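Chain and residue survey
Residues per chain are reported as follows:
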Amino acid sequence: METIGEDLRQMIRTPLSRSHVEALRAAGKVVTYPKGTIMAQPGEKANRFVYVEEGEIEVVNPFTGERHYPSTIGPTQFMGEISLLYGGTASLPLRTVVDTRVIEVPRETFLTLVSQIPEMSDIIITVFAARRRRQLEDRSSGLYLIGEEADRNVRRIAEFASRNRLPYASVPLHSPEAQASAKSCAIDARTPAVIFGSKVPITDPTPDKIARLLGLNIDFSGDELFDVLIVGGGPAGVAAAVYAGAEGLCALVVEDVVLGGQAGTSSRIENYMGFPTGISGADLLWRGQVQAMKFGARFAIPRRVTTLEAQENGAFCAAFENGQRVRASAIVVASGVQYRRLPLERLADFEGSGVYYSATDMEARYCKDTEAVIIGGGNSAGQAAMFLSRYARCVRVLVRGSSLAASMSSYLTSRLAADPGITIEYNSEVTALEGGEHLESVTIRNAQTGQSRKIAARSLFIMVGAAPNTEWLSGLVKLDDKGFVLTGLGLPASPFATSYPGIFAVGDVRAGSVKRVASAVGEGSVVISKVWEHVKQNIT
């Protein structure tokens, strides 16, 4: 499938040109660091771009203090990773091997250069993306997980990091690696843990805490005024961020769980134009995020908008779950939909421990060599079945209706039927879940015959129905009887304008929208012209 950032070991590196280097020199300063200087530590703010003129810099293993990769950063190369674009933190230590002379450019100045010199931007961002991809593949980072397979809280961190394309290392409980890392920070080697750097164990780990350590979670004073607040980080929201940034609007994207929405859970999208070999939803959205950040858009993850208020001056004030607030001249509602939770006893007990709502690499590892059960008859369920069939011993797809023709693309239906590892059961539903701390079996009932049977299964994927995320709109805009946002009602005239001026809705959350990735991207792209028009009118 298509990915962003070729493997560094195969990539033919294009060095920065002389004019690029001179631009960096004019914008920054030349500094010489002696041998053994720590240039970056995990958790340290990525606040400067560093270009090496003479010398050598190595990536360091945070636990052993030894060189982590055989290759180093030498003359004409540069330090840095994707986190520099959004003001995040370093993920691994860096150290000078010999006396090293560099050009340092402050982050804000560097971002200005990137926006002004596209050829330089292309080279640097390609290398940054390749470095991030290598870390993801090698599972190397200052974020270290012990006992992911045994603890639900650690699994939550793994899911948050994996779906947000954040590198992390994971080792089994009681393994030699776990014992060594636990000893380095003086914690009990028999207890699951999350460690950041080499000395910082995270007590009661949550996605919010990890996001803060990695610089993803932005604190707001309440005084910030954005041109546009985009609520939702799915295809529509990220596309809106790309175009908002490209048009010079000050944009903030807020996502309450992980970037990508439902599309981010798709392991393989084959009908999106331009990707003939397919692309995962996570990769597609990550491309968009990097693109939006290049244009200056900011992302806050995880952040959930709880209420929205209209102010007398025409602006809006959005409140987050932690009590912080931001103001914006316009709002783009791209909060999408979420899979419905089934009315099953003990469902909450097994969520994250056998019951899942997405099928990504991480969930695939949990059902390796076992039977996986998928509930749902839409494209997401079909894509999940095809993906999981590469890992699970067999995949059982349960469909409440008698056919897939009305709910799933024909190319997926044909592939499911042709795959010997996939079984489709029509007129079927799950009625019970059983297990200890982890799901062990499910009971399936056939609606036509009334017969029930129990099967052993350690993973159940629920992909049925969808409810819109619109409670936070606080009654400001008109909704249909299912809670989707009605559009085409307000001014400026736009198919995406809601009943309240300055609030626009795009993607799956919009009533009557086509629930496809391409449609969502298109809507997010097009809406910005009207957002810009509204913002301009308010300014003037």
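Anyway, here's the lowdown on the structure attached to this text. (Residues numbered from 1 in each chain as written. Predicted model: local features only at pLDDT ≥ 70, side-chain atom pairs only at ≥ 80, totals over all residues. Heavy atoms only, no water.)

1. Brief notes about the overall build of the chain
Looking only at helices and strands, one finds 14 helices and 27 strands in the chain. Against the 2.2 N^0.38 benchmark of 24 Å for 540 residues, the chain shows a C-alpha radius of gyration of 24 Å, consistent with a compact globule. Principal axes of the C-alpha set define a box for the chain whose edges measure 80 × 65 × 45 Å. Within the chain, the proportion of its 540 residues that are buried is 55%. Considering only contacts within the chain whose residues lie at least 6 apart along the sequence, 68% involve residues at least 24 apart. Working note: accessible area of the chain is about 23,000 Å², and carbon and sulfur atoms make up 51% of it. (Helix = DSSP H or I, 4+ residues; strand = E, 2+ residues; numbered from the N terminus. Rg over C-alpha atoms; globule rule 2.2 N^0.38 Å. Buried < 20%, exposed > 50% of the residue type's maximum accessible area, 1.4 Å probe, protein only. Contact = heavy atoms within 4.5 Å. Areas by Shrake-Rupley, 256 points an atom, 1.4 Å probe, with all protein chains shown as cover.)

2. Some details on the packing of aromatic side chains
Remark: the centre distance and the inter-plane angle together describe each pair of aromatic rings, the angle taken between the planes. Throughout the structure, instances matching the rule amount to 11 aromatic pairs. Centre to centre, the rings of Phe220 and Phe226 are 6.3 Å apart; their planes meet at 80°, and the pair counts as edge-to-face. Positioned above the aromatic ring of Phe295, the side-chain terminus of Lys294 is 5.2 Å from the ring centre. (Phe/Tyr/Trp six-rings, centres within 6.5 Å; stacked < 30°, edge-to-face > 60°. Lys NZ or Arg CZ within 6 Å of the ring centre and 35° of its normal.)

3. Side note on the sheet that holds strand β5 (residues 94–96)
An order of β2-β5-β4 is seen for the three strands of this open sheet, with the pairing classed as antiparallel. A strand with exactly one partner marks an edge of an open sheet, and here the two such strands are β2 (38–40) and β4 (57–59). Going from strand to strand, the sheet's axes swing by 35° on average, the running direction of each strand aside. The sheet contact formed by β4 and β5 spans three bridges and is antiparallel. Bridging across to β5, Val59 finds its partner in Leu94. (Pairing = 2+ DSSP bridges. Axes fitted to C-alpha atoms, helices over the stretch in contact; angles between N-to-C directions.)

4. Considerations on unusual backbone geometry
Pro302 follows Ile301 through a cis peptide bond whose omega is -10°. Looking at the element boundaries, Pro302 is found in the loop between β13 (298–300) and β14 (305–310). Non-glycine residue Asp369 carries a positive phi angle of around 65°. Tracing the chain through its elements places Asp369 in the loop between α11 (361–366) and β19 (371–375). Using a relative accessible area of 54% as the deciding quantity, one classes Asp369 as exposed.

5. A word on the nonpolar core
Formed by 109 residues in total, the largest nonpolar core has its most connected members in Phe49 and Val531. In this view, Val531 contacts Val228, Leu249, Ala330, Val332 and Phe504; residues no more than four positions away in its chain are not counted. Residues Leu252, Ala300, Ala318 and Val509 belong to the second largest nonpolar core, which totals 24 residues. (Core = buried A, V, L, I, M, F, W, Y, C linked by side-chain atoms within 4.5 Å.)

6. Details of the sheet that holds strand β24 (residues 452–456)
With respect to topology, three strands assemble into an open sheet ordered β22-β23-β24, the strand pairing being antiparallel. Both outer strands of the open sheet, β22 (428–435) and β24, are each paired with one neighbouring strand and no more. The mean angle between the axes of side-by-side strands here comes to 25°, regardless of whether they run parallel or antiparallel.

7. A few points about the pairing of β22
Relative to strand β23 (residues 439–446), β22 is paired through seven bridges, and the arrangement is antiparallel. Each bridged residue has a counterpart across the sheet, and for Glu429 the counterpart in β23 is Arg445. In this antiparallel pair of consecutive strands, β22 and β23, the connection spans three residues.

8. What to know about the environment of Glu363
Position of Glu363 among the secondary structure elements: in helix α11. A residue is classified by how much of its surface remains accessible, and Glu363, at 2% relative accessible area, is buried. Spatially, the C-alpha atoms of Glu363 and Gly352 are 9.2 Å apart, while their sequence positions differ by 11 residues. Separated by 2.3 Å, the side chains of Glu363 and Thr360 make a polar contact. (Polar contact = N/O pair within 3.5 Å; in protein donor to acceptor, adjacent residues only side chain to side chain.)

9. Some words on the environment of Pro302
Since its relative accessible area comes to 10%, Pro302 is described here as buried. Separated by 48 residues in sequence, Pro302 and Val254 place their C-alpha atoms 7.5 Å apart. The contacts of Pro302, once residues within four sequence positions are left out, are Phe160, Pro207, Asp208, Ala211, Asn217, Glu255, Asp256, Val257 and Glu321.

10. Looking at the packing of helix α3 (residues 107–116) against helix α4 (residues 118–138)
It is the contact of α3 with α4, at a shortest axis distance of 6 Å, that shows an interaxial angle of 115°. Contacts between α3 and α4 involve Phe110, Leu113, Val114 and Gln116 from the former and Pro118, Met120, Ser121, Ile124, Ile125 and Phe128 from the latter. Tallied by class, the residues present in the contact of α3 with α4 amount to eight nonpolar, two polar and no charged. (Nonpolar A, V, L, I, M, F, W, Y, C, P; charged D, E, K, R; others polar.)

11. Remarks on the pattern of salt bridges
Per the counting criterion, the structure on display carries 31 salt bridges. Between Arg25 and Glu53 there is a salt bridge, with its nearest N and O atoms 2.6 Å apart. Taken as a pair, Arg25 in helix α1 (residues 18–27) and Glu53 in strand β3 (residues 48–54) lie far apart in primary sequence, 28 residues in all. Accessibility expressed as a relative area gives 32% for Arg25, which makes it partly exposed. A relative accessible area of 17% means that Glu53 is categorised as buried. Notably, a salt bridge pairs Glu523 with Arg510, separated by 2.7 Å at the nearest N-O pair. (Salt bridge = Lys/Arg side-chain N within 4 Å of Asp/Glu carboxyl O.)

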